[in-house]
Amino acid sequence: MSVEKRVIKKYPNRRLYDTATSSYITLGDVKQLVLDNVDIQVVDAKTQEDITRSVLLQIILEEENGGMPMFSYEVLTQFIRYYGQAMQGMMGPFLEKNLQLFSQLQQKMQEQTRAMYGDNAMLNTTMWGEFMKLQGPAIQNMMANYMEQSTGMFLEMQNRMQEQTKQLFGGFGFPGYPGSEDKDKS
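All figures in this text were calculated on a predicted structure; none of them were measured in a lab. Residue positions are given per chain, counted from 1 along the sequence in the order it is written. Local features in this predicted model are restricted to residues whose pLDDT is 70 or higher, and side-chain atom pairs enter the listing and the counts only when it is 80 or higher, whereas totals over whole chains, interfaces and linings include all residues. Side-chain measures here rest on the full set of heavy atoms in the structure, leaving out hydrogens and waters.

## Looking at the pattern of salt bridges
(1) Moving on: In what follows, salt bridge is the name for a side-chain nitrogen of Lys or Arg lying within 4 Å of a carboxyl oxygen of Asp or Glu. Under the criterion given, the structure shown has two salt bridges.
(2) Moving on: With a closest N to O distance of 2.5 Å, E63 and K31 form a salt bridge. Residue E63 is found in helix α2 (residues 52-64), and its partner K31 is found in helix α1 (residues 27-35); the two are separated by 32 residues along the sequence. Helix and strand assignments come from DSSP, with helices taken as H or I runs of at least 4 residues and strands as E runs of at least 2, each series counted from the N terminus.

Spelled out as structure tokens, the structure:
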């Protein structure tokens with residue numbers, strides 16, 4: 001069963017129209033839909049082209065220009081350097097898996113907070129600060145596990161690429177290349 005996406009139309013005057021509520025909305029409203037886990041699709045009202053990624057990137061840009069950016073100069077320059085590289089196609093899935101792992105880590109931390117302090121723990125910043133102090137070793141352990149999983153994912157991806165490369169180039173029978181000896185013996 002697939003969930004239908006909430007369609008938002010973007011008009012040439014840059015206004016966004018939410019077809020579910022039959023009203024104009026702001027980019028902040030689109031951000032709130034994302035935060036509320038609503039699946040959205042933004043289409044150009046004139047061409048019907050899917051421009052969802054463009055609008056989501058616009059939201060990220062506004063967030064990055066705000067008070068606490070998430071991406072450092074180094075991260076942004078690395079992103080740019082990956083475009084056009086052989087690894088570009090693998091970077092998206094790698095980042096997606098890492099974000100899933102990080103979300104799981106965050107969820108575990110929230111569950112621990114609720115177990116210790118109850119459901120209202122997130123509302124009290126003092127309690128959250130105390131939780132972070134008390135849970136330091138546990139959080140470090142969870143982060144270590146996260147990094148280990150991330151490294152494992154990267155190594156698995158690298159091994160898969162090496163195997164695919166061996167299969168691809170081994171079939172050409174290049175002298176001295178692994179896999180070409182098998183063809184010579186046949």
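## Comments concerning the UniProt feature "domain: PHB accumulation regulatory" (unreviewed entry) in the protein chain
(1) Moving on: Here the UniProt-annotated "domain: PHB accumulation regulatory" (unreviewed entry) positions come out as residues 71-110 and 123-162.
(2) Moving on: Annotation note: span residues 71-110, helix share 82%, strand share 0%, distance between end C-alpha atoms 24 Å. UniProt positions are given in the numbering used here, feature names are shortened, and annotations may be inferred rather than shown by experiment.

## So, the packing of aromatic side chains
(1) Moving on: Only the six-membered ring of Trp is used, alongside the rings of Phe and Tyr, when aromatic pairs are assigned; centres must lie within 6.5 Å, and planes under 30 degrees apart are stacked while those over 60 apart are edge-to-face, with the rest tilted. Taken as a whole, this structure holds four aromatic pairs when the rule is applied.
(2) Moving on: A ring pair is formed by Y11 and Y17, whose centres lie 6.4 Å apart and whose planes are at 75°; its orientation type is edge-to-face.
(3) Moving on: Relative accessibility thresholds used throughout: buried, under 20% of the residue-type maximum; exposed, over 50%; partly exposed, between the two (1.4 Å probe, protein chains only). Residue class for Y11 comes out partly exposed when judged on its relative accessible area of 29%.
(4) Moving on: Using a relative accessible area of 21% as the deciding quantity, one classes Y17 as partly exposed.
(5) Moving on: The interplanar angle of 70° and the centroid separation of 5.7 Å between the aromatic rings of F71 and F79 together place this pair among those described as edge-to-face.
(6) Moving on: A ring has a charge above it when a Lys NZ or an Arg CZ is no more than 6 Å from the ring centre and no more than 35 degrees off the ring normal. The residue whose ring lies beneath R15 is Y24, and the NZ or CZ to ring-centre distance is 3.9 Å.

## Some remarks on unusual backbone geometry
(1) Moving on: Non-glycine residue S22 carries a positive phi angle of around 50°.
(2) Moving on: Relative to the assigned elements, S22 resides in the loop between β2 (16-18) and β3 (23-25).
(3) Moving on: The phi angle at N37 is positive, at roughly 60°, despite the residue not being glycine.

## Observations concerning the sheet that holds strand β4 (residues 40-44)
By way of backbone hydrogen bonds, the strands of a sheet pair with one another, either parallel or antiparallel.
(1) Moving on: Strands are treated as partners if at least two bridges between them are detected by DSSP. Strand order in the open sheet formed by four strands is β3-β2-β1-β4, with mixed pairing between adjacent strands. What marks the edges here is a single partner per strand, and that holds for β3 and β4. Neighbour-to-neighbour, the strand axes of the sheet open up by a mean angle of 35°, direction not taken into account.
(2) Moving on: Summarising the sheet, strand β1 (residues 6-10) and β2 pair through three bridges and their orientation is antiparallel. Along β2, the bridge assignment pairs I8 with D18.
(3) Moving on: Sitting on the sheet, α1 is in contact with β1, β2, β3 and β4, with an inclination near 90° to β3.
(4) Moving on: In what follows, residue pairs with any heavy atoms lying within 4.5 Å of each other are defined as contacts. Helix axes use the C-alpha atoms of the stretch in contact, all axes being lines fitted to C-alpha atoms, and the angles between their N-to-C directions lie in the range 0 to 180 degrees. Where α2 meets the sheet, it contacts β1 and β4, and its direction lies at approximately 110° from that of β4.

## Some details on α1
(1) Moving on: Considered for burial, the residues of α1 that qualify are L27, V30 and L33. What you see down the axis of α1 is that its buried residues fit within an arc of 110°, all on one side.
(2) Moving on: Buried-residue contacts for α1 involve β1, β2, β3, β4 and α2.
(3) Moving on: With its phi angle positive at about 60°, N37 sits one or two positions after the end of α1. Arc, as used here, means the arc of the directions from the helix axis to the C-beta atoms.

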